[in-house]
Amino acid sequence: IAYVDENITNPNLSLASIADVFGHSSSYVSTVFKQFKEIGYSDYVNQKRVRLAADLMCYQKMGIEEVAAAVGYVSVITFRRNFQKFMKQNPSEYT
């Protein structure tokens, strides 16, 4: 979990990459992650990235695309969808 937190802004962070680092299968990493955090891996990563993005949007003068990239999203569409899911509003409405 510390590895995920330390690499949260890495756009290549995935269950497969974590499994490779620690020498386990993706399904094993997913199961262990859910046992410890009581939330699925994807939701954890996306929620953490969205919270980080919200902080950036409050304290930095950055556009939506810049914020999305800074917190690890490759796709602005995915960023917007997850922002809406966790913050209950569009990123353009937030601040």
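For the structure, check the block above.
Predicted model only: the values in this text are computed from it and were never measured.

A.B. asks: Teacher, can you tell me more about the overall build of the protein chain here?
C.D. replies: Of the regular secondary structure elements, the protein chain holds six helices and zero strands. Helices and strands in the protein chain line up, N terminus first, as α-α-α-α-α-α. Relative to the 2.2 N^0.38 estimate, which gives 12 Å for 95 residues, the radius of gyration of the protein chain is 14 Å and therefore close to what a compact globule would have. Taken over the C-alpha atoms alone, the protein chain extends approximately 40 × 20 × 20 Å along its principal axes.

A.B. asks: How should I be thinking about the nonpolar core in this particular structure?
C.D. replies: Nonpolar side chains in soluble globular proteins tend to be buried together. Membership of the largest hydrophobic core is limited to 12 residues, which are V50, A53, A54, M57, I64, V67, A68, V71, Y73, F79, F83 and Y94. Among the elements of the structure, α4 (41–59), α5 (64–70) and α6 (76–87) are those that each provide at least two residues to this core. Residue contributions to this core peak at four residues, all from α4. Discounting chain neighbours no more than four positions away, the residues touching A54 are F83, M87 and Y94. Residues I18, A19, Y41 and V45 belong to the second largest nonpolar core, which totals 10 residues.

A.B. asks: Just to check I follow, could you spell out helix α3 (residues 26–37) for this structure?
C.D. replies: Helical geometry note: an α-helix holds 3.6 residues per turn, so side chains three or four residues apart project in the same direction. Taking 1.5 Å per residue as the helical rise, α3 with its 12 residues ought to reach 16 Å, and the 16 Å between its terminal C-alpha atoms agrees with that figure. Phi turns positive, to about 60°, at E38, one or two residues after α3.

A.B. asks: I tried to follow the packing of α4 against α6 on my own but got confused; where do I start?
C.D. replies: The description of two helices packed together rests on the angle between their axes and the distance between the axes. One way to put it is that α4 packs onto α6 with a least axis distance of 9 Å and a crossing angle of 90°. One element, α4, and the other, α6, form an angle in the roughly perpendicular class. Of α6, the residues touching α4 (which contributes D43, N46, Q47, V50, A53, A54 and M57) are F79, N82, F83, K85, F86 and M87. Residues that form the contact of α4 with α6 fall into these classes: eight nonpolar, three polar and two charged.

A.B. asks: Would you mind going over the pattern of salt bridges with me for this structure?
C.D. replies: A side chain with one charge may pair with a side chain of the opposite charge, provided their charged atoms come close. This model, assessed by the stated rule, comprises two salt bridges. Note that K48 is salt-bridged to D5, the shortest N-O span being 3.8 Å. Placement of the pair is K48 in helix α4 and D5 in helix α1 (residues 2–6), with a sequence separation of 43 residues. Of the residues examined, K48 reaches a relative accessible area of 33% and is grouped as partly exposed. Put simply, K85 and D43 hold a salt bridge, and the shortest N to O gap is 2.9 Å. Separated by 42 residues along the polypeptide, K85 in helix α6 and D43 in helix α4 bring together distant segments of the chain.

Rules used throughout
- Residues numbered from 1 in each chain as written.
- Predicted model: local features only at pLDDT ≥ 70, side-chain atom pairs only at ≥ 80, totals over all residues.
- Heavy atoms only, no water.
- Helix = DSSP H or I, 4+ residues; strand = E, 2+ residues; numbered from the N terminus.
- Rg over C-alpha atoms; globule rule 2.2 N^0.38 Å.
- Core = buried A, V, L, I, M, F, W, Y, C linked by side-chain atoms within 4.5 Å.
- Buried < 20%, exposed > 50% of the residue type's maximum accessible area, 1.4 Å probe, protein only.
- Contact = heavy atoms within 4.5 Å.
- Expected span 1.5 Å × (residues − 1).
- Axes fitted to C-alpha atoms, helices over the stretch in contact; angles between N-to-C directions.
- Parallel < 35°, antiparallel > 145°, perpendicular 65-115°, else oblique.
- Nonpolar A, V, L, I, M, F, W, Y, C, P; charged D, E, K, R; others polar.
- Salt bridge = Lys/Arg side-chain N within 4 Å of Asp/Glu carboxyl O.

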